Amino acid sequence: MAGGHVHALYRHGDTPLHRLRPQVKIATAFLFVFAVVATPREAMWAFLIYAAIMLAAASVARLGVGFVATRMLIYVPFIIAALLIPFFAGGEKVTVLGIELSRTGLWDMWNILAKATLGLLTSVVLAGTTDIPSMLRGFEALRVPRVLTAIMGFMIRYLDVVLGEFKRMRVAMHSRGHNPRWLGHAKPYATSAGLIFIRSYERGERVYLAMASRGYDGHMPHQNGDSAPVSQWAMALAVPLAAWTIVAIAWSTL
Amino acid sequence: MHIPDGFINGATSAGFGVAAAGGLGAAIKQTGKYLSERQVPLAGLVAAFVFAAQMVNFPVSIGVSGHLLGGVLAAVLVGPWAAFVVLSVVLIVQGFVFADGGLSALGLNIINMGLIGAVGGYWIYRVLLRFLPKDARGVTLAAGIAAGIAVPLAAMGFLVQYMIGGTATVPLGTVFTALLGTHILIGIGEGVITALVVGAVVRNRPDLVYGAPDYAGERTEVLV
């Protein structure tokens, strides 16, 4: 993503998942992911149920197979790391296609792949159905300090501006014959990054002054996030509740 | 690269999550003392800068490119606690808005990259600066070396987490070697770039650089 534009994951839509209050979605996703992580790896059936739940959610949200699949590419390096585990883990060996692999290593690999995939799928569904202002309102409703959500808001608002500066600097350098090949050629990149830092800092001061002149006193105006109806909470939290029930069953039947 | 879900068990992830939340609360209190209400737009812009810098690749050698992580860079430029807040914000947004890094692993990532990478790296920077000339060259050199050390150090944070709650049975020594080898290389790149960026800023606007002797603002840290 070296381009000058940030593609947030949000997909516009009007599905039940899009309409769900953001705080409900964030809490649900969080509790669900922790349930996935806490599930014993031997309980393969549990992961199948989780996958079914998340795929159902993705399809209700109309996120599309291609969209979800491309987002999963982000953790390819970790897939490679996980695939290497059976070669390095100790213990009893099993022979698969003529290669000696560690039995526990194969379990380790399965565990990481299953949980990382389900975690990522959950994140993709959450980010795909919640636009950025809603996400920030959701954090606020969940009592995340206002300072943090305000910093997040500014960061997201100015990310494209700062990235655009990086991109323009790069175009300017290339048009003057800059053609970096290795780390020793990084100085022009770094000095322009330094300049962009100074500009960002000064922009931050200007934004502050502009806000101060409009009456800003250190507190962002309170946006009354809609509180979520109990019915939404009950409906959504049924999902992590089911997941945690599965965790309890899986551990007790091991 | 952020830790996804599943590498570290649930209890350990939750424990580090609580620790990260506590650290973040403390850092907000610290920064509130010296940046007052200006901190919000300023920290937001610095976070945008760090986020953008992480997205822009530069060539390292043939076929290999890297990008800045920015922990020590942010700490030297805006102070360790503000940098911790900024990096946490970057990680939270990457996790929730861009699905980069597991939601259960958020605390692990914040501790490694924010606390060890930025606050720990800044501490190394201050120690180094004691033995270096208190001018632009000293600041540049100290920032570069500190960034070079902070990257493998943050990777060692993952090693500790793996030791406590790793879900795989790969021997610790193997994980250690693999992590250290790759992160020393990443650290070299990070060190070079950090030194060059800090050098560029400190020569032009030393008053903006929190960790520079000529910093014009107020410092609150009581590290060294």
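Rules of the game
- Residues numbered from 1 in each chain as written.
- Chains lettered and ligands numbered in written order.
- Predicted model: local features only at pLDDT ≥ 70, side-chain atom pairs only at ≥ 80, totals over all residues.
- Helix = DSSP H or I, 4+ residues; strand = E, 2+ residues; numbered from the N terminus.
- Rg over C-alpha atoms; globule rule 2.2 N^0.38 Å.
- Buried ≥ 20, exposed ≤ 12 C-beta atoms within 10 Å, placed from the backbone.
- Contact = placed C-beta atoms within 7 Å.
- Domains from an automatic or database assignment.
- Nonpolar A, V, L, I, M, F, W, Y, C, P; charged D, E, K, R; others polar.
- Axes fitted to C-alpha atoms, helices over the stretch in contact; angles between N-to-C directions.
- Parallel < 35°, antiparallel > 145°, perpendicular 65-115°, else oblique.
- Left-handed = near helix turned anticlockwise from the far one by under 90°.
- Pairing = 2+ DSSP bridges.
- Core = buried A, V, L, I, M, F, W, Y, C linked by C-beta atoms within 7 Å.

## Thoughts on the overall build of chain A
- Helix and strand counts for chain A stand at 10 helices and two strands.
- Scanning chain A from its N terminus toward the C terminus, one meets helices and strands in the order α-α-α-α-α-β-β-α-α-α-α-α.
- Whereas a compact globule of 254 residues would reach a radius of gyration of roughly 18 Å, chain A reaches 23 Å, over 25% beyond that.
- Overall size of chain A, expressed as C-alpha extent along the three principal axes, is 65 × 55 × 30 Å.
- Looking at chain A as a whole, 39% of its 254 residues qualify as buried.
- A separation of at least 24 residues holds for 78% of the contacts in chain A among residues at least 6 apart in sequence.

## Brief notes about the overall build of chain B
- Looking only at helices and strands, chain B has seven helices and two strands in total.
- Going residue by residue from the N terminus, the α and β elements of chain B occur as α-α-β-β-α-α-α-α-α.
- With respect to the principal axes defined by its C-alpha atoms, chain B has extents near 50 × 40 × 30 Å.
- Per-residue burial over chain B gives 60% buried out of 224 residues.
- Contacts in chain B between residues far apart in sequence, at least 24 positions, make up 75% of those at least 6 positions apart.

## Some details on the domain arrangement of chain A
- According to the domain assignment, chain A contains domain 1 (16-138 + 226-252) and domain 2 (145-213).
- Taking the mean C-alpha position of each, domain 1 of chain A and domain 2 of chain A sit 35 Å from one another.

## Concerning helix H7 (residues 132-141) of chain A
- When H7 of chain A is considered as a whole, its buried residues turn out to be Met 135, Leu 136, Arg 137, Gly 138, Phe 139 and Glu 140 of chain A.
- On its buried face, H7 of chain A sits against helix H2 (22-38) and helix H8 (146-175) of chain A together with helix H4 (80-96) of chain B.
- Downstream of H7 of chain A by a residue or two, Arg 143 of chain A has a phi angle that is positive, lying close to 70 degrees.

## Digging into the interface of chain B and chain A
- Between chain B and chain A, the contact holds 63 residues from the first and 77 residues from the second.
- Of all the elements in the fold, those that place two or more residues in the side of chain B that touches chain A are helix H1 (10-35), helix H2 (39-55), strand S1 (58-61), H4 and helix H7 (172-204) of chain B.
- With 14 residues, the top contributor of residues to the side of chain B that touches chain A is H2 of chain B.
- Split into classes, the residues belonging to the side of chain B that touches chain A amount to 42 nonpolar, 16 polar and five charged.

## Some remarks on the packing of helix H3 (residues 71-78) of chain B against helix H6 (residues 136-165) of chain B
Residues and elements named next belong to chain B.
- The geometry of H3 relative to H6 is characterised by a closest axis approach of 8 Å and an angle of 140 degrees between their N-to-C directions. As summarised for this structure, H3 and H6 are arranged oblique, according to the angle between their axes. Considering the relative orientation of H3 and H6, their crossing is right-handed. Two secondary-structure elements touch here, H3 through Gly 71, Val 72, Leu 73 and Val 76 and H6 through Ala 143, Ala 146, Ala 147 and Ala 150.

## Comments concerning the pairing of strand S1 (residues 93-96) of chain A
Residues and elements named next belong to chain A.
- Two elements, S1 and strand S2 (residues 99-102), share four bridges in a ladder whose sense is antiparallel. Opposite Val 96, over in S2, you have Ile 99 as the bridge partner.
- Here S1 folds back onto S2 in antiparallel fashion, the turn holding two residues, of which Leu 97 has a positive phi close to 50 degrees.

## A closer look at the nonpolar core
- Counting residues in each nonpolar core, the largest one holds 157 residues, and the members touching the most others are Ile 151 and Met 155 of chain A together with Val 86 of chain B.
- Each of domain 1 (16-138 + 226-252) and domain 2 (145-213) of chain A accounts for three or more of the residues forming this core.
- When residues no more than four places from it in sequence are discounted, the contact partners of Ile 151 of chain A are Val 40, Ala 43, Gly 44, Ala 47, Val 85 and Val 89 of chain B.

## Considerations on the environment of Thr 122 of chain A
- Here Thr 122 of chain A shows up in helix H6 (residues 103-129).
- Owing to 26 C-beta atoms within 10 Å, Thr 122 of chain A belongs among the buried residues under this scheme.
- Residues Thr 122 of chain A and Val 33 of chain A, spaced 89 residues apart in sequence, show a C-alpha to C-alpha distance of 7.2 Å.
- Residue contacts for Thr 122 of chain A: discarding those within four places in its chain leaves Ala 29, Phe 32, Val 33 and Met 54 of chain A together with Leu 103 of chain B.

## Remarks on unusual backbone geometry
- Phi is positive for Arg 62 of chain A, close to 50 degrees, though the residue is something other than glycine.
- Inspection of the secondary structure assignment puts Arg 62 of chain A in the loop between helix H3 (44-60) and helix H4 (65-72).
- The residue Ala 99 of chain B is not glycine, and still its phi comes out positive at about 55 degrees.
- Here Ala 99 of chain B lies in the loop between H4 and helix H5 (106-130).
- Residue class for Ala 99 of chain B comes out buried when judged on the 25 C-beta atoms lying within 10 Å of it.

## Considerations on the environment of Asp 226 of chain A
All names here are of chain A.
- Mapped onto the elements, Asp 226 comes out in the loop between helix H9 (187-213) and helix H10 (230-252).
- The class of Asp 226 is exposed, set by 11 C-beta atoms lying within 10 Å.
- Sequence separation of Asp 226 and Met 135 is 91 residues, and the distance between their C-alpha atoms is 13 Å.

## A word on the packing of H8 of chain A against H4 of chain B
- Look at H8 of chain A against H4 of chain B: their axes get within 10 Å of each other, and the N-to-C directions meet at 70 degrees. Judged by the angle between their axes, H8 of chain A and H4 of chain B are roughly perpendicular. Listed contacts from H4 of chain B to Leu 148, Ile 151, Met 152, Met 155 and Ile 156 of chain A of H8 of chain A are Val 85, Val 89, Ile 92 and Val 93 of chain B.
- For the contact of H8 of chain A with H4 of chain B, the class distribution of residues is nine nonpolar, no polar and no charged.

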